Number of protein chains: 2
Amino acid sequence: MTTQSQGLHTHVLDALGLEIAAGDCPPGRVLRTDELAQRFDVSRTVVREVIRVLESMHLVESRRRVGVTVRPTEEWNVYDPQVIRWRLAGSDRPRQLRSLTVLRSAVEPVAAGLAARHATAEQCAALTECALGMVATSRGQQLEGYLRHDIAFHRIVLNASGNEMFARLGDVVAEVLAGRTHHQVMFEDPDPAAVTLHVRLAEAVREGDAVGAERLTKEIAVGALHELDVLAP
Amino acid sequence: MTTQSQGLHTHVLDALGLEIAAGDCPPGRVLRTDELAQRFDVSRTVVREVIRVLESMHLVESRRRVGVTVRPTEEWNVYDPQVIRWRLAGSDRPRQLRSLTVLRSAVEPVAAGLAARHATAEQCAALTECALGMVATSRGQQLEGYLRHDIAFHRIVLNASGNEMFARLGDVVAEVLAGRTHHQVMFEDPDPAAVTLHVRLAEAVREGDAVGAERLTKEIAVGALHELDVLAP
DNA sequence: GCCTCTTGAATAAGTCGTATGTAATGGGCT
DNA sequence: AGCCCATTACATACGACTTATTCAAGAGGC
């Protein structure tokens with residue numbers, strides 16, 4: 001048997017999760033553990049563990065005598081990073097990017113305001129460094145470098161807010177930014193206005209200007225939403 | 001064998017999840033599947049399924065030859081409703097209520113603004129009905145009835161926003177409201193000012209007044225945060 | 001003599017096959 | 001029509017085997 005590099009469980013989970021998140025299995029569709037075991041050439045034990053995980057994500061529901069039924073989208077745990085990744089890999093990626101960006105536009109301004117109050121000296125320094133990195137990579141097709149600094153920047157702000165619920169959205173934001181960069185405008189340099197806003201946001205946080213930080217972050221969010229509207233209406 | 005009412009799996013998962021979320025097992029603590037099987041008097045199969053689910057929630061990490069290690073809090077999937085429930089049942093419930101309330105204060109105003117634009121006639125009607133229900137139950141120790149209407153109210157707003165990420169926070173908000181009511185002020189009637197704000201919010205949504213809805217929701221959130229500060233400093 | 005690298009044994013999770021229990025469904029019997 | 005029973009597919013359990021990882025002992029080099 002060809003041993004998977006990271007375990008049979010992970011492999012089957014990813015394959016099934018992708019299928020369901022992509023909508024290949026419409027809600028109500030019934031899967032059979034035996035079938036799945038055959039299809040992936042693994043034992044039922046492995047399949048059962050996978051089903052249990054998918055069940056904990058509310059992607060499926062397992063009932064005796066009836067099988068494993070796919071649940072409607074509204075019931076999924078859409079905040080699970082794994083689920084987000086599966087959905088972003090699927091066909092309704094634009095819709096997904098939009099709702100995540102709206103979420104960002106709600107959360108990040110408040111987080112930035114809190115960060116201005118609570119950020120440590122180290123966090124301020126790291127923030128400034130990221131902003132400078134964004135400036136340095138904002139021209140000349142250095143999109144990957146720019147993306148790395150952008151992700152780090154927003155992660156620091158969320159962490160510095162001191163609220164763990166905000167901090168845990170760092171992964172979500174990272175997925176959104178990566179998705180945006182890799183999906184649409186690989187050929188264009190980032191918007192210079194956005195870069196400036198990040199630099200000014202770093203300053204505001206460093207100076208403890210909470211309202212300024214919140215306002216600047218709102219502007220960044222508006223820009224991100226506008227970008228989506230322009231590129232994927 | 002004592003047959004569990006809802007399955008062995010659920011029972012063991014709940015017990016272990018509670019223990020970990022409550023902090024009884026400090027991060028880095030190693031659990032052995034054999035031990036757990038013995039302790040809960042179930043087979044290793046059931047334990048493995050439970051471990052897999054806890055692993056998908058990033059509460060633990062399972063490595064060969066070393067065992068199941070509890071991960072640090074910062075890595076948990078704190079948006080998983082199950083995890084939230086476990087943590088709210090534990091000892092750091094106040095801290096948890098606070099971070100969730102801050103999250104609400106960021107998300108709900110934006111959601112209310114969107115709801116004012118997108119709410120259907122049915123949703124507006126249901127919202128008004130809930131607001132009236134809150135008024136009717138705001139005096140005379142009808143806290144359970146008030147809570148039910150309060151939860152329904154906020155759920156409708158989140159759903160009406162049309163954003164699925166917001167909509168899925170309905171359960172979180174429900175947990176917070178329930179936790180607040182059951183934890184602290186069972187003896188006091190709700191703040192009359194809050195009741196009024198909900199009535200006015202229902203009006204604003206019905207009239208499509210987005211900025212008004214956002215502002216009113218912010219006031220509600222401020223009140224909720226203030227309440228936490230007063231009662232659990 | 002001390003440090004490093006290799007090697008091998010011990011260990012605990014990973015995987016599998018099978019057996020049995022259990023609940024829900026659907027058809028057949030009265 | 002209504003009740004009963006056979007079927008079905010998941011739920012649970014057990015035991016054997018596999019594999020990766022760790023730890024330590026020993027060989028070799030400095």
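Being a predicted model, the structure only gives us computed values, none of them experimental. (Residues numbered from 1 in each chain as written. Chains lettered and ligands numbered in written order. Predicted model: local features only at pLDDT ≥ 70, side-chain atom pairs only at ≥ 80, totals over all residues. Heavy atoms only, no water.)

The next subject is helix α10 (residues 192-206) of chain B. All names here are of chain B. For α10, with 15 residues, the first-to-last C-alpha span of 22 Å sits near the 21 Å given by 1.5 Å per residue. Taken together, the buried positions of α10 are Val 195, Leu 197, His 198, Leu 201, Ala 202, Ala 204 and Val 205. Its side-chain oxygen placed 3.1 Å from the backbone nitrogen of Ala 193, Asp 191 serves as the N-cap of α10. Following α10 by one or two positions, Gly 208 has its phi on the positive side, about 70 degrees. (Helix = DSSP H or I, 4+ residues; strand = E, 2+ residues; numbered from the N terminus. Expected span 1.5 Å × (residues − 1). Buried < 20%, exposed > 50% of the residue type's maximum accessible area, 1.4 Å probe, protein only. Polar contact = N/O pair within 3.5 Å; in protein donor to acceptor, adjacent residues only side chain to side chain.)

To continue, consider the UniProt feature "domain: HTH gntR-type" (unreviewed entry) in chain A. The sites that carry the UniProt feature "domain: HTH gntR-type" (unreviewed entry) are, in the present numbering, residues 6-73 of chain A. Taken as a whole, residues 6-73 of chain A contains 53% helix and 15% strand, while its terminal C-alpha atoms sit 28 Å from one another. (UniProt positions renumbered as here; feature names shortened; annotations may be inferred.)

The transformation that overlays chain B on chain A combines an axial shift of 0.0 Å with a rotation of 180 degrees, and the residual RMSD is 0.1 Å. Overall, the copies show the geometry of a two-fold rotation axis. Of the residues that chain B buries at the interface, 100% are likewise interface residues in chain A, meaning the two copies contact each other through the same surface. (Least-squares fit on C-alpha atoms with pLDDT ≥ 70 in both. Contact = heavy atoms within 4.5 Å.)

Another aspect to go through is the protein's contact with DNA strand C. Residues in contact with DNA strand C amount to 23 residues; listed here are only the nearest, Leu 8 and Arg 44 of chain A together with Thr 33, Arg 48 and Arg 65 of chain B. Sugar plus phosphate, as a fraction of atoms of DNA strand C within 4 Å of the protein: 77%. A distance of 2.4 Å separates a phosphate oxygen of DNA strand C from a polar atom in the side chain of Arg 48 of chain B. Separating a sugar or linking oxygen of DNA strand C from a side-chain N or O atom of Arg 64 of chain B is a distance of 2.9 Å. (Near = heavy atom within 4 Å.)

Bringing the sheet that holds strand β3 (residues 67-70) of chain B into the picture now. Residues and elements named next belong to chain B. Here we have three strands laid out as an open sheet, ordered β1-β3-β2, and antiparallel in their pairing. Two strands in the sheet have a free side with no partner beyond their single neighbour: β1 (30-31) and β2 (60-63). Note: β2 against β3, four bridges, orientation antiparallel. The residue bridging Arg 63 from the neighbouring strand is Gly 67, located in β3. (Pairing = 2+ DSSP bridges.)

So, on to the state of the cysteines. Residues and elements named next belong to chain B. Tallying each qualifying case throughout the model produces zero disulfides over all chains. The thiol of Cys 130 is not disulfide-bonded; the next cysteine sulfur, from Cys 124, is found 12 Å away. Judged by its relative accessible area of 8%, Cys 130 is buried. (Disulfide = S-S within 2.5 Å.)

Below, the discussion takes up the domain arrangement of chain A. Domain boundaries assigned for chain A yield domain 1 (8-75) and domain 2 (92-231). Distance between the C-alpha centres of domain 1 of chain A and domain 2 of chain A: 35 Å. (Domains from an automatic or database assignment.)

Here the focus is the protein's contact with DNA strand D. Near DNA strand D lie 22 residues; those nearest to it are Thr 33, Arg 48, Arg 64 and Arg 65 of chain A together with Arg 63 of chain B. Thr 33 of chain A places a side-chain nitrogen or oxygen 2.6 Å from a phosphate oxygen of DNA strand D. Elements represented by at least two residues in the surface near DNA strand D include exactly α3 (44-56) and β2 (60-63) of chain A together with α1 (8-22) and α3 (44-56) of chain B. Broken down by element, the surface near DNA strand D gets its largest block of residues, three residues, from α3 of chain B. For the surface near DNA strand D, a count of residues per class yields five nonpolar, seven polar and 10 charged. (Nonpolar A, V, L, I, M, F, W, Y, C, P; charged D, E, K, R; others polar.)

Let us look at the sheet that holds strand β3 (residues 67-70) of chain A. Residue and element names in this part refer to chain A. Spatially, the three strands line up as an open sheet ordered β1-β3-β2, and their pairing is antiparallel. Two strands lie at the open edges of the sheet, namely β1 (30-31) and β2, each paired on one side alone. Pairing between β1 and β3: two bridges, direction antiparallel. Paired with Val 30 across the two strands is Thr 69, which belongs to β3.

The next subject is the interface of chain B and chain A. Interface size is often expressed as the accessible area that is lost when the parts come together. On the chain A side, the residues contacting the 33 residues of chain B number 33 residues. Taken together, the two surfaces of chain B and chain A that pack against each other cover about 2,900 Å², and 59% of this comes from carbon and sulfur. For the chain B face of the interface with chain A, the top three residues by lost area are Tyr 79, Met 165 and Arg 168 of chain B, together amounting to 25%. Linking chain B with chain A are six salt bridges, by the criterion used here. The closest approach of N and O atoms between Glu 164 of chain B and Arg 87 of chain A, which form a salt bridge, is 2.9 Å. Here chain B is connected to chain A by 18 residue pairs in polar contact (both at pLDDT 80 or more). Among the elements of the structure, α3, α4 (81-89), α5 (93-118) and α8 (164-167) of chain B are those that each provide at least two residues to the side of chain B that touches chain A. Considering every element that reaches the side of chain B that touches chain A, the biggest residue donor is α5 of chain B, with nine residues. Split by residue class, the side of chain B that touches chain A holds 16 nonpolar, seven polar and 10 charged. (Buried area = accessible area lost by both parts, 1.4 Å probe. Salt bridge = Lys/Arg side-chain N within 4 Å of Asp/Glu carboxyl O.)

Moving on to the packing of aromatic side chains. Under the definition given, this model contains one aromatic pair over all chains. Ring centres of Tyr 79 of chain A and Tyr 79 of chain B lie 4.9 Å apart, and the angle between their planes is 10 degrees; on these two criteria the pair is classed as stacked. Placement of Tyr 79 of chain A in the loop between β3 and α4 (81-89) and of Tyr 79 of chain B in the loop between β3 and α4 is noted, with the two residues assigned to different chains. Residue class for Tyr 79 of chain A comes out buried when judged on its relative accessible area of 8%. (Phe/Tyr/Trp six-rings, centres within 6.5 Å; stacked < 30°, edge-to-face > 60°.)

Here we come to the pattern of salt bridges. Residues and elements named next belong to chain A. Taken as a whole and judged by the stated rule, the model has 34 salt bridges over all chains. For Asp 150, the salt bridge is made with Arg 180, and the minimal N-O distance between the two is 3.9 Å. Of the two residues, Asp 150 is situated in helix α7 (residues 143-160) and Arg 180 in helix α9 (residues 170-183); the sequence distance between them amounts to 30 residues. By the burial criterion, Asp 150 is buried, and Arg 180 matches it.

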